[in-house]
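Residue-level listing of the chains:
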Number of protein chains: 2
Amino acid sequence: MFTLIKIDSGARRGRLETPRGTVETPLFMNVATTAAIKGGVTAPELKALKCQTALCNAYHLHIRPGDGLIREMGGLHRFMSWDGPILTDSGGFQAFSLAKLRKVKEEGVYFQSHTDGRKIFMGPEESMRIQHNLGSDIVMAFDECVSNPAERGYVEDSVGRTTRWLVRCKEELERLGSRRPLMGINQGGVYEDIRVRHMNEIAGLDLPGYAVGGLAVGETKEDMFRVIEAVTPFMPVGKPRYLMGVGTPSDIIEAVARGIDMFDCVMPTRNARHATVFTSDGITHATNERYAKDEKPLDERCECPTCRNFSRAYIRHLFKAGEILAGRLTSQHNLYFYNALTERIRGAIDAGEFDAFRRENSLKLSRLSTDGETGADEF
Amino acid sequence: MFTLIKIDSGARRGRLETPRGTVETPLFMNVATTAAIKGGVTAPELKALKCQTALCNAYHLHIRPGDGLIREMGGLHRFMSWDGPILTDSGGFQAFSLAKLRKVKEEGVYFQSHTDGRKIFMGPEESMRIQHNLGSDIVMAFDECVSNPAERGYVEDSVGRTTRWLVRCKEELERLGSRRPLMGINQGGVYEDIRVRHMNEIAGLDLPGYAVGGLAVGETKEDMFRVIEAVTPFMPVGKPRYLMGVGTPSDIIEAVARGIDMFDCVMPTRNARHATVFTSDGITHATNERYAKDEKPLDERCECPTCRNFSRAYIRHLFKAGEILAGRLTSQHNLYFYNALTERIRGAIDAGEFDAFRRENSLKLSRLSTDGETGADEF
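None of these values were measured; they are calculated from a predicted model.

Looking only at helices and strands, one finds 14 helices and 16 strands in chain A. Taken over C-alpha atoms, the radius of gyration comes to 20 Å for chain A, in line with the 21 Å a tight globule of 379 residues would show. Taking the principal axes of its C-alpha atoms as reference, chain A extends roughly 60 × 45 × 40 Å. Residues counted as buried form 54% of the 379 residues belonging to chain A. Counting only contacts in chain A whose residues sit at least 6 apart along the sequence, the fraction spanning at least 24 positions is 70%.

Attention now goes to the relation of the copies chain B and chain A. After a rotation of 180 degrees and a shift along the axis of 0.0 Å, chain B superposes on chain A with an RMSD of 0.0 Å. Here the transformation between the copies is reduced to the relation of a two-fold axis. Closest to the rotation axis within chain B is the C-alpha of Gly40 of chain B, separated from it by 3.6 Å.

On the basis of which strands lie adjacent, the closed barrel formed by eight strands has the order β4-β5-β6-β10-β11-β12-β13-β14 (chain A) and parallel pairing. On average, each strand axis in the sheet is tilted by 30 degrees relative to the strand beside it, whichever way the strands run.

Before going further, it helps to spend a moment on the interface of chain B and chain A. Tallying the contact residues gives 30 residues for chain B and 30 residues for chain A. When contributions to the side of chain B that touches chain A are tallied by element, the ones reaching two or more residues are α2 (67-72), α3 (76-80), α12 (312-320) and α13 (325-350) of chain B. When residues in the side of chain B that touches chain A are grouped by element, the largest group, five residues, is from α12 of chain B. Taken together, the residues of the side of chain B that touches chain A sort by class into 16 nonpolar, seven polar and seven charged.

Next up on the list: the packing of helix α7 (residues 192-203) of chain B against helix α8 (residues 221-231) of chain B. Residues and elements named next belong to chain B. Interaxial distance between α7 and α8 falls to 9 Å at its minimum, and their mutual angle equals 40 degrees. With respect to α8, the axis of α7 lies oblique. By crossing handedness, the relation of α7 to α8 is classed as right-handed. Residues Glu192, Arg195, Val196 and Met199 of α7 touch α8, and the partners they reach there are Arg226, Val227, Ala230 and Val231. Looking at side-chain class alone, the contact of α7 with α8 contains five nonpolar, no polar and three charged residues.

Residue and element names in this part refer to chain B. Within the sequence span of α8, burial applies to Met224, Val227, Ile228 and Val231. When α8 is viewed along its axis, its buried side chains cluster within an angular range of 100 degrees and face the same direction. Against β11 (182-186), α7, β12 (209-212), β13 (241-243) and α9 (249-257) lie the buried residues of α8.

Bringing the environment of Gly75 of chain A into the picture now. All names here are of chain A. Positionally, Gly75 belongs in the loop between α2 (67-72) and α3 (76-80). You can call Gly75 partly exposed: it has 16 C-beta atoms within 10 Å. When the C-alpha positions of Gly75 and His132 are compared, they lie 9.3 Å apart, and in sequence the two are 57 residues distant. Contact partners of Gly75, with chain neighbours within four places excluded, come to Ile70, Leu134 and Gly135.

All names here are of chain A. Assigned domains within chain A: domain 1 (2-265) and domain 2 (271-378). Computed over C-alpha atoms, the centres of domain 1 and domain 2 are 27 Å apart. Across the boundary between the two partners, domain 1 contributes 26 residues, which contact 31 residues of domain 2. Sorting the residues of the side of domain 1 that touches domain 2 by element identifies β1 (2-8), β2 (11-18), β4 (27-31) and α9 (249-257) as the ones contributing at least two each. Take the side of domain 1 that touches domain 2: its biggest share by element is seven residues, from α9. Here the side of domain 1 that touches domain 2 is built from residues that sort into 13 nonpolar, six polar and seven charged.

Right, let's get into the sheet that holds strand β1 (residues 2-8) of chain B. Residue and element names in this part refer to chain B. The strand order across the open sheet built from three strands is β1-β2-β3, with neighbouring strands paired in antiparallel fashion. Among the strands making up the open sheet, the edge pair consists of β1 and β3 (21-25). On average, each strand axis in the sheet is inclined to that of its neighbour by 15 degrees, with strand direction left out of account. Bridging between strand β2 (residues 11-18) and β3 involves five bridges; their strand directions are antiparallel. Looking at the pairing, Thr18 lines up with Gly21 of β3.

All right, on to unusual backbone geometry then. Along the chain, Arg64 of chain A connects to Pro65 of chain A via a cis peptide bond; the corresponding omega equals 10 degrees. Of note, Pro65 of chain A is situated in the loop between α1 (58-63) and α2. With an omega dihedral of 0 degrees, the bond running from Thr25 of chain B to Pro26 of chain B counts as a cis peptide bond. Examined against the element boundaries, Pro26 of chain B turns out to sit in the loop between β3 and β4 (27-31). Even without a glycine there, the phi angle at Ala275 of chain B is positive, about 70 degrees. Within the secondary structure, Ala275 of chain B is located in the loop between α10 (267-273) and β15 (276-279). Owing to 19 C-beta atoms within 10 Å, Ala275 of chain B belongs among the partly exposed residues under this scheme.

Because each turn of an α-helix spans 3.6 residues, side chains separated by three or four positions in sequence point in the same direction. Residues and elements named next belong to chain A. Between its first and last C-alpha, helix α7 (residues 192-203) extends 16 Å over 12 residues, near the 16 Å set by a 1.5 Å rise per residue. By the burial criterion, the buried members of α7 are Ile194, Arg195, His198, Met199 and Ile202. What you see down the axis of α7 is that its buried residues fit within an arc of 130 degrees, all on one side. In this fold, the buried residues of α7 make contact with α6 (152-175), β11 (182-186), β12 (209-212) and α8 (221-231).

Residue and element names in this part refer to chain A. Secondary-structure assignment places Arg118 in the loop between β8 (108-112) and β9 (119-122). A residue is classified by how many C-beta atoms lie within 10 Å of it, and Arg118, with 9 of them, is exposed. Not counting residues within four places of it along the chain, the set of residues in contact with Arg118 comprises Gln112 and Ser113.

Right, let's get into the environment of Ile5 of chain B. All names here are of chain B. Within the secondary structure, Ile5 is located in strand β1. A C-alpha to C-alpha distance of 32 Å links Ile5 and Glu300, two positions 295 residues apart in sequence. Setting aside residues no more than four positions away along its own chain, Ile5 makes contact with Arg13, Gly14 and Arg15.

This part covers the packing of helix α5 (residues 124-134) of chain B against helix α6 (residues 152-175) of chain B. Residues and elements named next belong to chain B. Running from amino to carboxyl end, α5 crosses α6 at an angle of 40 degrees, the nearest separation of the two axes being 8 Å. As the angle between them shows, α5 and α6 are arranged oblique. α5 and α6 meet at a crossing whose hand is right-handed. Taking contact as the criterion, the partners of Pro124, Glu125 and Met128 in α5 are, on α6, Trp165, Arg168, Cys169, Glu172 and Leu173. In terms of residue class, the contact of α5 with α6 is made up of five nonpolar, no polar and three charged.

Another point: the pairing of β4 of chain A. All names here are of chain A. Most of β4 sits inside the fold, with five of its five residues counted as buried. In β4, alternate side chains face the same way, and those of Leu27, Met29 and Val31 on one face and Phe28 and Asn30 on the other are all buried. Note: β4 against strand β14 (residues 262-264), three bridges, orientation parallel. Among the inter-strand pairings, Phe28 is bridged to a residue of β14, identified as Phe263.

Reading the values: rules and limits
- What you see as residue numbers is a count from 1 along each chain, following the sequence as written.
- Going through the entries in the order they are written, you letter the chains from A and number the ligands from 1.
- Local features in this predicted model are restricted to residues whose pLDDT is 70 or higher, and side-chain atom pairs enter the listing and the counts only when it is 80 or higher, whereas totals over whole chains, interfaces and linings include all residues.
- Counting from the N terminus, the helices are DSSP H or I runs at least four residues long and the strands are E runs at least two residues long.
- Only C-alpha atoms enter the radius of gyration, while the globule expectation follows 2.2 Å times N to the 0.38, with N the number of residues.
- Exposure classification rests on a simple neighbour count of other C-beta atoms within 10 Å of a residue's own: a residue reaching 20 or more is buried, one at 12 or fewer is exposed, and one in between is partly exposed. C-beta atoms are placed from the backbone.
- The contact rule is simple: place each C-beta atom from the backbone, and if two of them lie within 7 Å, those residues are in contact.
- When the copies are superposed, the least-squares fit draws on C-alpha atoms of residues that have pLDDT of at least 70 in both.
- DSSP calls a pair of strands paired once it identifies at least 2 bridges connecting them.
- Axes here mean lines fitted to C-alpha atoms, for a helix over just the part in contact, with angles spanning 0 to 180 degrees between N-to-C directions.
- Gly is placed with the polar residues, together with every amino acid not listed as nonpolar (Ala, Val, Leu, Ile, Met, Phe, Trp, Tyr, Cys and Pro) or charged (Asp, Glu, Lys and Arg).
- In this scheme, roughly parallel covers angles under 35 degrees and roughly antiparallel covers those over 145, while 65 to 115 is roughly perpendicular and the rest are oblique.
- Crossing handedness is defined as follows: a turn of the near helix away from the far one that is anticlockwise and smaller than a right angle gives a left-handed crossing, while the clockwise case is right-handed.
- The arc under discussion is defined with respect to the helix axis, by the directions toward the C-beta atoms.
- Domain delimitation in this document rests on an assignment produced automatically or drawn from a domain database.
- One less than the number of residues in a helix, times 1.5 Å, gives the span that helix is expected to have.

Structure representation (structure tokens):
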């Protein structure tokens, strides 16, 4: 499933085989939670945004329109018109972040739907069946995601349960006759020893890949990178490593430097809707007064469909006029930026220049752009 | 500018030459009021929706971002990235429908902006200069649009002023050195004699085209068609005839039958955002329960980008999940439907079968679709 091609200054260059084609790592996966990309981008359009893999969510799609319905419609790929690989998140994270009146038991999680309040039970078996129904190419384990900070005692109990759930996930997938790769998820809050012990436990299951979950959920950046540095040495070298839900451009560069291969984040589209734009000179705000008569594209070095066709002046006007086209144009730009960023990272590793790339870009890309005089004032 | 090719059962088949290419009539113009198509469709994408001409609005663009700014940015075509013809509405209609504290004087209209309340004066000269700055290919006269019903005395005064304004529009365009064709607008409420007298007056100015304005603003359908039937015999035969702001698919077929050549309407995109979809079987609602597991496209005979890629089940899901992609997909479908409808009308006239086309489609297309059992219940 995974070939590790090269390591350059800690950064790994790899290749991941999926039932729907081979993808290159480091990889950014484009979030399509409800089988739709936020901002009004269609799945077929993701190809032109250099997207290699889409990410959908088992919890959201189970609630609405229902994974059974999607199965009847021929699976998620056909439903959303995307023929590339799809990774599905297990619903573990959402059962904790969205659901009301949650009760965690050994068998799974009892909760109420965030949309209509109806009672739902989801355990490892249910999550596997949902992801199986969706027809995803990479299945994520059903885990408990504990928000930080959390009591040490609770975290210890929780990771024990997450390990037992992982075993049940693996067994259920086998029972379903699925050949889809299952990725285990490491948990343990910000406790390095628990993280390492848990990583060792789940590595013993010899799964095709492993994720680091439960980060970017309340802890500081320092804690996040401390945990990543603590746990990655215990992740199997020959298997893909996925840092869930992270992050800014510099987070991605810094995590790649620590040996991470896969990423996903809602930031490109969420920020886009609020006119926050990623560029090769740093972050900027499309509604800035200084763009009122600016004929240049959002990013002069960008080849995305937005930058090839539209000026900063036009996009600023669309935001000021309240046109939803504004959010679509910035969303497709930001998604392209993230996909192109990982492409540039891969190129830097291939060329043996990752460390120089990191030094040049890591700070710059997550800082305010300096191409105008008033940039720093507006945030 | 205009060649009348054929008349079939009252329907006219023509060809309109503009500075940006020749377009075929009957013609539906796609509304891009603020230099943006509602629903999140980009201007370059209009080509794939069979759009021949875009329509922008002088009032809206004067208020925001400013016609001077658009001129500095190289004009409207470059600003919105559309190289086909653009017709600009004069702002006359908006000065009456949107502006606050309006005062109509001989020199023009004093009013407050609908966005920020600032005081604005717009008369024939201002409107011509704005449309000149925008770089439009077809300029509309600045007129007074009176909502129906209106007192006969007021309407008589108003059309007198509209005629005097039209003379000033023509003179101002000449002063600007513009070669852009100016279309005069017929007014007169629902009073046939005033309509005819006004039409004869403005026909005397020998303009390149004429529009019927002030319809679909409160009167009944019967009154609307009565006025159209009264006035079209007095419109110059060899010049294009534009019915402003109309209407449903059957309104368009019926107006073509009465000798109208050009149309515009916000209905395709406005209805799309509320999940109302035009199909070759009639009108339907994309959120209908009966589409929950329907793999068919919105319209089985449609070749639009939405129907080529997505099912009714998927689009229904997008609306239920509140995804803005829903409105984009239905908007591009409805725009394609309107453009394809006028294409079918042109084909019917070419084939000498317009009357049969009208009998088959006029009622059907604006009625609820009958492809399901529960259609009629939901409206």
